[in-house]
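Examining the three-dimensional arrangement
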There are 2 protein chains.
Amino acid sequence: MNVKHTEEVEAQPVTMEGSSGCQVRWLVGPRDGAPNFAMRQFEVAAGGYTPRHSHDYEHEVFVLEGEGVVFENDTAHPLRAGDVVLVKPNEVHQFRNTGASPMKFLCLVPNDSMQKPISMAPECGVELPLGKK
Amino acid sequence: MNVKHTEEVEAQPVTMEGSSGCQVRWLVGPRDGAPNFAMRQFEVAAGGYTPRHSHDYEHEVFVLEGEGVVFENDTAHPLRAGDVVLVKPNEVHQFRNTGASPMKFLCLVPNDSMQKPISMAPECGVELPLGKK
């Protein structure tokens, strides 16, 4: 059994192309002995966003703090603490902080996602009014 | 993509032998199209606990609210919001609320856990002072 607090885990900048103002903590993953899936916590600064992309594996997301949106193609779904998102394989998606404070969420992925390709999506849609469906 | 709030998901009583005061919400699972693993939220009332048991699949846990302990065999690890627990396959474990308010945590499991056997553990150890390692 491993027990730790989130803040004991180093926050690393997300350097992936198309992201801005994002940090990630790998809370549980293969290095801890997790056999099937990994739990990461993302922190997105005010105005920040994750890449607009797709891949053939899922995300299971739980919003902890802050306010934002998740884009499903060009549709923005508003997000607040306690919201849950299933991003299915091959869906184009992007998370954006639309609030004034950091947006924190858990994002879980299958372990084999680390070896899989990611497709960047064109930036159409990001000019949509944020928070509007 | 599925987006919903935790409170839109029905809370069901946990009727498993050896549990007390527990409710579960299946936030994301196979019925939603999740291909690999399921996200549940547990709410344990003051004084409540999950069964003391083991199984050959893992739990990945994130504590959202409240105070409690997780037993690893007879060792009680204190828990508070932001704590993360990896329960590895075949480890005897039990979650207990030791606070005055509900304890809420996410607990994720692989999808194939639903078909797997669970072994109840003897109740030795539950007399340990709660919160003490």
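Residues numbered from 1 in each chain as written. Chains lettered and ligands numbered in written order. Predicted model: local features only at pLDDT ≥ 70, side-chain atom pairs only at ≥ 80, totals over all residues. Heavy atoms only, no water.

1. Overview of the interface of chain B and chain A
Contacts between the two partners involve 42 residues from chain B, matched on the other side by 42 residues from chain A. In this assembly, chain B packs against chain A so that about 3,500 Å² is buried in total across both faces, 66% of it on carbon and sulfur atoms. Considering only the surface of chain B that becomes buried against chain A, Met1(B), Phe37(B) and Val84(B) emerge as the three largest contributors, covering 24% of it. Summed over the shared surface of chain B and chain A, the number is zero salt bridges. The interface formed by chain B and chain A holds 16 residue pairs in polar contact (both at pLDDT 80 or more) in total. Broken down by element, the side of chain B that touches chain A gets its largest block of residues, five residues, from strand E9 (residues 83–87) of chain B. Here the residues of the side of chain B that touches chain A are counted per class, giving 25 nonpolar, eight polar and nine charged. Pairing geometry for strand E9 (residues 83–87) of chain A and strand E1 (residues 2–5) of chain B, over four bridges, is antiparallel. Across the sheet, residue Leu86(A) finds its bridge partner in E1(B), namely Asn2(B). (Contact = heavy atoms within 4.5 Å. Buried area = accessible area lost by both parts, 1.4 Å probe. Salt bridge = Lys/Arg side-chain N within 4 Å of Asp/Glu carboxyl O. Polar contact = N/O pair within 3.5 Å; in protein donor to acceptor, adjacent residues only side chain to side chain. Helix = DSSP H or I, 4+ residues; strand = E, 2+ residues; numbered from the N terminus. Nonpolar A, V, L, I, M, F, W, Y, C, P; charged D, E, K, R; others polar. Pairing = 2+ DSSP bridges.)

2. Some points on the nonpolar core
By size, the foremost hydrophobic cluster in this structure holds 24 residues, and its most contacted members are Met39(A), Phe62(A), Leu106(A), Met39(B), Phe62(B) and Leu106(B). Look past the residues within four positions of Leu106(B) in its chain and what remains in contact with it is Phe62(A), Leu106(A), Leu27(B), Met39(B), Arg40(B), Gln41(B), Glu60(B), Val61(B), Phe62(B) and Leu64(B). One finds Val14(A), Val24(A), Val44(A) and Val87(A) within the second-largest nonpolar core, a separate group that totals 16 residues. (Core = buried A, V, L, I, M, F, W, Y, C linked by side-chain atoms within 4.5 Å. Buried < 20%, exposed > 50% of the residue type's maximum accessible area, 1.4 Å probe, protein only.)

3. Brief notes about the confidence of the model for chain A
Residues and elements named next belong to chain A. Per-residue pLDDT for chain A has a mean of 92; in total, 92% of the residues score no lower than 70. Residue range residues 124–133 is modelled with pLDDT below 50. Its contacts to residues more than four positions away, or to other chains, number 21 contacts. Prediction confidence for the complex, expressed as pTM and ipTM, is 0.92 and 0.91 respectively. (pLDDT = per-residue confidence, 0-100.)

4. Quick look at the relation of the copies chain B and chain A
The two copies are related by a screw motion: chain B maps onto chain A through a turn of 180° and a shift of 0.0 Å along the axis, at an RMSD of 0.0 Å. Taken together, the turn and the small shift mark the pair as related by a two-fold rotation axis. Counting the interface residues of chain B, we find that 100% of their copies in chain A are interface residues as well, pointing to one common contact surface. (Least-squares fit on C-alpha atoms with pLDDT ≥ 70 in both.)

5. Points about the pattern of salt bridges
Residues and elements named next belong to chain A. Taken as a whole and assessed by the stated rule, the structure comprises ten salt bridges over all chains. Linking Asp-56 and Lys-116 is a salt bridge whose minimum nitrogen-to-oxygen distance equals 3.4 Å. Of the two residues, Asp-56 is situated in the loop between strand E5 (53–55) and strand E6 (59–65) and Lys-116 in the loop between strand E11 (103–110) and strand E12 (118–120); the sequence distance between them amounts to 60 residues. Take Lys-116: its relative accessible area is 29%, and that puts it in the partly exposed class. Between Glu-65 and Lys-104 there is a salt bridge, with the nearest N and O atoms lying 3.9 Å from each other. Here Lys-104 lies in strand E11 and Glu-65 lies in strand E6, a separation of 39 residues in the sequence.

6. Brief notes about the packing of aromatic side chains
Tallied over the full model, the rule gives five aromatic pairs over all chains. Between the aromatic rings of Phe42(A) and Phe105(A), the centroid separation amounts to 5.6 Å while the plane-to-plane angle is 15°, which identifies the pairing as stacked. Separated by 63 residues along the polypeptide, Phe42(A) in strand E4 (residues 37–49) and Phe105(A) in strand E11 bring together distant segments of the chain. Each member of the pair, Phe42(A) together with Phe105(A), is buried. Directly above the aromatic system of Trp26(B) lies the positively charged group of Arg40(B), at a separation of 5.2 Å from the ring centroid. Sitting above the plane of the Tyr49(B) ring, Arg96(B) keeps its charged end 4.3 Å from the centroid. (Phe/Tyr/Trp six-rings, centres within 6.5 Å; stacked < 30°, edge-to-face > 60°. Lys NZ or Arg CZ within 6 Å of the ring centre and 35° of its normal.)

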